[in-house]
Amino acid sequence: AATAGEASGAYSRTGPYLDFGAQVAISKLPEIKLARDGMARVKYPFGWQRNPVTTANIGLQAHAFYLVDGRRAHRRLALRTATGLVRAQEGGVWRYAFPFTVGGMGETLEPGWISAMSQGLAMSLLTRAYEMTGRRVYLRAAVRALRPFRTTVPRGGVVRRYEGRPWYEEYPTPTPSYVLNGFGFTLLGLYDLAAHSAEARKRFRGGYAALLAALPRFDAGSTSWYHLGHMTKGPQARFPASPAYNHIHVLLLDALDYVRPHRTLRIWREQFRSYDR
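Rules used in this analysis
Residues numbered from 1 in each chain as written. Predicted model: local features only at pLDDT ≥ 70, side-chain atom pairs only at ≥ 80, totals over all residues. Heavy atoms only, no water. Helix = DSSP H or I, 4+ residues; strand = E, 2+ residues; numbered from the N terminus. Rg over C-alpha atoms; globule rule 2.2 N^0.38 Å. Contact = heavy atoms within 4.5 Å. Areas by Shrake-Rupley, 256 points an atom, 1.4 Å probe, with all protein chains shown as cover. Lys, Arg positive; Asp, Glu negative; His and termini not counted. Charge placed at Lys NZ, Arg CZ, Asp CG, Glu CD. Buried < 20%, exposed > 50% of the residue type's maximum accessible area, 1.4 Å probe, protein only. Pairing = 2+ DSSP bridges. Expected span 1.5 Å × (residues − 1). Axes fitted to C-alpha atoms, helices over the stretch in contact; angles between N-to-C directions. Left-handed = near helix turned anticlockwise from the far one by under 90°. Nonpolar A, V, L, I, M, F, W, Y, C, P; charged D, E, K, R; others polar. Salt bridge = Lys/Arg side-chain N within 4 Å of Asp/Glu carboxyl O.

Draft legend 1. Highlighting the overall build of the chain. The secondary structure content of the chain amounts to nine helices and seven strands. What you see for the chain is a C-alpha radius of gyration of 18 Å, in line with the 19 Å of a compact globule of 277 residues. Across its three principal axes, the chain shows a C-alpha extent of roughly 45 × 45 × 40 Å. Within the chain, contacts between residues at least 6 apart in sequence are counted, and of these 63% link residues at least 24 apart. Accessible surface, the chain: about 11900 Å² in total, of which carbon and sulfur atoms supply 51%. Considering the chain, the positive charge centre built from 38 side chains and the negative charge centre built from 19 side chains are found 8 Å apart.

Draft legend 2. Quick peek at the pairing of strand E2 (residues 40-44). With burial as the criterion, only one face of E2 is covered, namely that bearing Ala 40, Val 42 and Tyr 44; the residues Arg 41 and Lys 43 on the opposite face remain uncovered. With three bridges connecting them, strand E1 (residues 32-34) and E2 associate as antiparallel partners. The residue bridging Ile 32 from the neighbouring strand is Val 42, located in E2. Hairpin connection of E1 to E2: five residues between the antiparallel strands, including Gly 38 at a positive phi of 85 degrees. Both E2 and strand E3 (residues 47-50) contribute to a ladder of four bridges, which runs antiparallel.

Draft legend 3. Spatial organisation of unusual backbone geometry. Positive phi, normally seen in glycine, also occurs at Leu 18, with a value near 45 degrees. Mapping Leu 18 onto the fold places it in the segment before E1.

Draft legend 4. Region of interest: the side chain of Gln 89. Positionally, Gln 89 belongs in the loop between helix H2 (72-88) and strand E4 (100-102). According to the relative accessible area criterion, Gln 89 is buried, its value standing at 12%. Excluding residues within four positions of it along the chain, Gln 89 makes contact with Trp 94, Ala 141, Arg 144 and Ala 145.

Draft legend 5. Region of the structure containing H2. A rise of 1.5 Å per residue sets the reference length of H2, with its 17 residues, at 24 Å; its end C-alpha atoms lie 24 Å apart and thus fit the reference within 8%. Taking burial as the measure, the 17 residues of H2 include 12 buried ones, the bulk of the element. For H2, every residue scored as buried is listed here: His 74, Arg 75, Leu 77, Ala 78, Leu 79, Thr 81, Ala 82, Thr 83, Gly 84, Leu 85, Val 86 and Ala 88. Of the surrounding elements, those touching the buried residues of H2 are E1, E3, helix H1 (52-69), helix H3 (116-133) and helix H4 (136-144).

Draft legend 6. Inspection of the packing of H1 against H3 at higher detail. For the pair H1 and H3, the least separation of the axes is 9 Å and the interaxial angle reads 35 degrees. Read as a crossing pair, H1 and H3 show a hand that is left-handed. Together, Pro 52, Val 53, Ala 56, Asn 57, Gly 59, Leu 60, His 63 and Tyr 66 of H1 and Met 117, Ser 118, Leu 121, Ala 122, Ser 124, Leu 125, Arg 128 and Met 132 of H3 make up the contact between the two elements. Residues that form the contact of H1 with H3 fall into these classes: 10 nonpolar, five polar and one charged.

Draft legend 7. View of the pattern of salt bridges. Counted under the stated rule, the structure contains 13 salt bridges. Of the charged contacts in the structure, one is a salt bridge between Glu 163 and Arg 165, with a shortest N-O distance of 3.9 Å. Residue class for Arg 165 comes out partly exposed when judged on its relative accessible area of 31%. With a shortest N-O distance of 3.0 Å, Arg 269 and Asp 254 are connected by a salt bridge. With a gap of 15 residues between them, Arg 269 in helix H9 (residues 263-273) and Asp 254 in helix H8 (residues 243-259) connect regions that are remote in the sequence. You can call Arg 269 buried: its relative accessible area is 0%.

In structure tokens form, the structure reads like this:
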């Protein structure tokens, strides 16, 4: 068992992604289908919609399964989704074609919105696809995914500031939301790409500093906060993390502490882990 002084979430740029290899197959869920173009569709109340995050998650899980059992079908699925992301990328980003209202914030993102989390998860899959095949088409797409990290949210990018440090928004709402899980997935994507890109290393370092500064604000007392809307918008935006999301926060801090150890990560990882139930 891990203690507050040690990281248990071993993470590598080419290894299984978090605990994805131990989860139920995402691609088999009834509300998800993988289209012929390699991009996942998710069933929403308003119909089936293409979802870049789900696509990357399917690919990362297939890659994890492949490393565990060596089945070629899993390798093919990982590369199918990676290829789908390459083809769907427009100007370095993956766009959502439907509106989305962010829980707690009460603000709706209009069709065409982008997400730092989509960019980061895609980087993680595309860099693994490159490592598996040596095909530079995957690496080039991963590097192109850095483009919105050069631009602020008001100008169409994903960058905000938290106490002077860069924060990459999962949801670029008009009011800053500072979603923790999306930021963590984004940082892992930048870390994975950092082996091939000096810019990714720079973006990772800046975001890592923002995470260390912000973590104490995410303690809700009996769980972690999903986002900081209650600070940026007011008490009406309070949005505690569900048990599942609190556990995701623990996994992400575990992995980040493994790749760049820091006492602050360990303190808050253990605090949030104490809320797991």
